[in-house]
Amino acid sequence: MEDNVNQPVTLIGLGPMGQAMVRVLLDAGHPVTVWNRTASRADEVVARGAVRAATPAEAVAASELVLLSLTDYAAMYEILGPVPDLTGKVVVNLSSDTPDASREAAAWIDQRGGKFLTGGVLASAELVGAEPAKVFYSGPAELLGAHEQTLRLIGEPHHVGADHGLAQLYYLAHIDLFLVGLAAYLHATALVGSAGVSAQEFLPWAVDNLTTNPQVLPAAAAQIDSGEHPGDLGTTRMMAASAEHLLQASRAVGIDTELPKAIKAHYDRAIAAGRGGDSWTGLIDVIRDPR
């Protein structure tokens, strides 16, 4: 890993995440050049010491390391498209999109003379630079190694593979867990709330559920990787019955039923495929192949 102390950095895209990244870089002593489509969004970080570039080309020219914090990858093409040459530049796209979008972007940057890393940031803006923040990277490992000291300021870096799409997959898998978990919490709170139970009353039970359920995951992961799903501790058919009861109760109290319907559909398909006597982990097969 090279010494990146005081390495100049360019950051393009100054939404809340981009601004947070600029602040941690400035606080660590890095010269930072910024550009944003709405120039006024740079005012706060410029007041803290960042340099405002007039154009994307000027921003890119200022640093070897160019970080992108944009809405999606389409914005990258709009912004960097007019920049004729990226030779010698390391472009780290920390924007969210699909794995295929990251692979296509890597080829596009390569054609323009640059080098590319995909990044997936697991942190909200207020946690950028703090201990819980993590960033998945994919692409050439040596590229991350060369700039790890600087990139570590944003969040703990984890290289997940050479395939540029992998960082997005890891990021989206965490978003999958996060969004579904939040939706389940809200649905559960609405369910007990139908009987007058407040969210505060239900909170400790929800927290207990969400923190103890992961204890089953090591055994589940072993079964998924082995392809063996013994139902000796509970079968798909038993879980399907609970899913049906959840659906019926939700319908009876008049709350939204889309989430329990989706859950029940997985169990129904597994049973229809002859997997009713297997463990719930066997649902991985109907998720992998939804035909």
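Calculation criteria
- Residues numbered from 1 in each chain as written.
- Predicted model: local features only at pLDDT ≥ 70, side-chain atom pairs only at ≥ 80, totals over all residues.
- Heavy atoms only, no water.
- Helix = DSSP H or I, 4+ residues; strand = E, 2+ residues; numbered from the N terminus.
- Buried < 20%, exposed > 50% of the residue type's maximum accessible area, 1.4 Å probe, protein only.
- Contact = heavy atoms within 4.5 Å.
- Lys, Arg positive; Asp, Glu negative; His and termini not counted.
- Charge placed at Lys NZ, Arg CZ, Asp CG, Glu CD.
- Salt bridge = Lys/Arg side-chain N within 4 Å of Asp/Glu carboxyl O.
- UniProt positions renumbered as here; feature names shortened; annotations may be inferred.
- Pairing = 2+ DSSP bridges.
- Core = buried A, V, L, I, M, F, W, Y, C linked by side-chain atoms within 4.5 Å.
- Right-handed = clockwise from strand over helix to strand, strands pointing away.
- Phe/Tyr/Trp six-rings, centres within 6.5 Å; stacked < 30°, edge-to-face > 60°.

With that settled, the discussion passes to the overall build of the protein chain. Assigned secondary structure in the protein chain consists of 12 helices and 8 strands. Viewed in the frame of its principal axes, the protein chain has a C-alpha envelope of about 60 × 45 × 30 Å. A burial count over the protein chain gives 41% of its 291 residues as buried. Excluding contacts between residues fewer than 6 apart, the proportion of contacts in the protein chain whose partners are at least 24 apart in sequence is 62%. Charge separation in the protein chain, taken as the distance between the mean sites of 19 positive and 33 negative side-chain charges, equals 4 Å.

Tallied over the entire structure, the rule returns 14 salt bridges. Of the charged contacts in the structure, one is a salt bridge between R37 and E78, with a shortest N-O distance of 3.4 Å. With a gap of 41 residues between them, R37 in the loop between β2 (32-35) and α2 (43-47) and E78 in helix α4 (residues 73-80) connect regions that are remote in the sequence. Summarising the burial analysis for this pair, R37 and E78 share the class exposed.

What follows concerns the UniProt feature "domain: 6-phosphogluconate dehydrogenase NADP-binding" (unreviewed entry) in the protein chain. In the numbering adopted here, UniProt assigns the feature "domain: 6-phosphogluconate dehydrogenase NADP-binding" (unreviewed entry) to residues 9-156. Measuring from the first to the last C-alpha atom of residues 9-156 gives 18 Å, for a span that is 37% helix and 22% strand.

The next point concerns the sheet that holds strand β7 (residues 134-138). Strands sit in the order β3-β2-β1-β4-β5-β6-β7-β8 across an open sheet of 8 strands; the sheet is mixed. Edge positions in the open sheet fall to β3 (51-52) and β8 (156-159), since each of these has one partner strand only. Here strand β6 (residues 115-122) runs beside β7; their pairing, made up of 5 bridges, is antiparallel. Bridged to G119 within β7 is Y137.

Quick look at the nonpolar core now. The biggest cluster of nonpolar side chains holds 30 residues, and the ones touching the most others in it are V22, V34, L67, V92, L94 and I154. When contributions to this core are tallied by element, the ones reaching two or more residues are β1 (9-12), α1 (16-27), β2, β4 (65-68), β5 (90-93), β6, β7 and α6 (141-151). With 6 residues, the single largest contributor to this core is α1. Counting 22 residues, the second largest nonpolar core, distinct from the first, contains L70, A106, I109 and F116.

As paired strands, β7 and β8 are joined by 4 bridges and run parallel to one another. Residue pairing for β8: K134 is matched across the bridge by E156. Traced from β7 through α6 to β8, the parallel crossover comes out right-handed.

Attention now goes to the packing of aromatic side chains. Aromatic ring pairs are reported here in terms of the distance separating the ring centres and the angle at which the planes meet. All chains considered together, the criterion is met by 3 aromatic pairs. Plain terms: the ring middles of Y73 and F116 are 6.3 Å apart, the flat faces sit at 75° to each other, and that makes the pair edge-to-face. Here Y73 is found in helix α4, whereas its partner F116 is found in strand β6, with 43 residues between them in sequence. For Y73, a relative accessible area of 1% puts it in the buried group. The interplanar angle of 45° and the centroid separation of 5.1 Å between the aromatic rings of F136 and Y170 together place this pair among those described as tilted. On the criterion of sequence distance, the pair formed by F136 in strand β7 and Y170 in helix α7 (residues 166-193) is long-range, its members being 34 residues apart. On the basis of relative accessibility, which here comes to 8%, the residue F136 falls in the buried class. Here Y170 falls in the partly exposed class, since its relative accessible area comes to 37%.

Along the chain, the position of S63 falls in the loop between α3 (56-61) and β4. Those residues in contact with S63 that lie beyond four places of it in its chain are P8, V9, T10 and K89.

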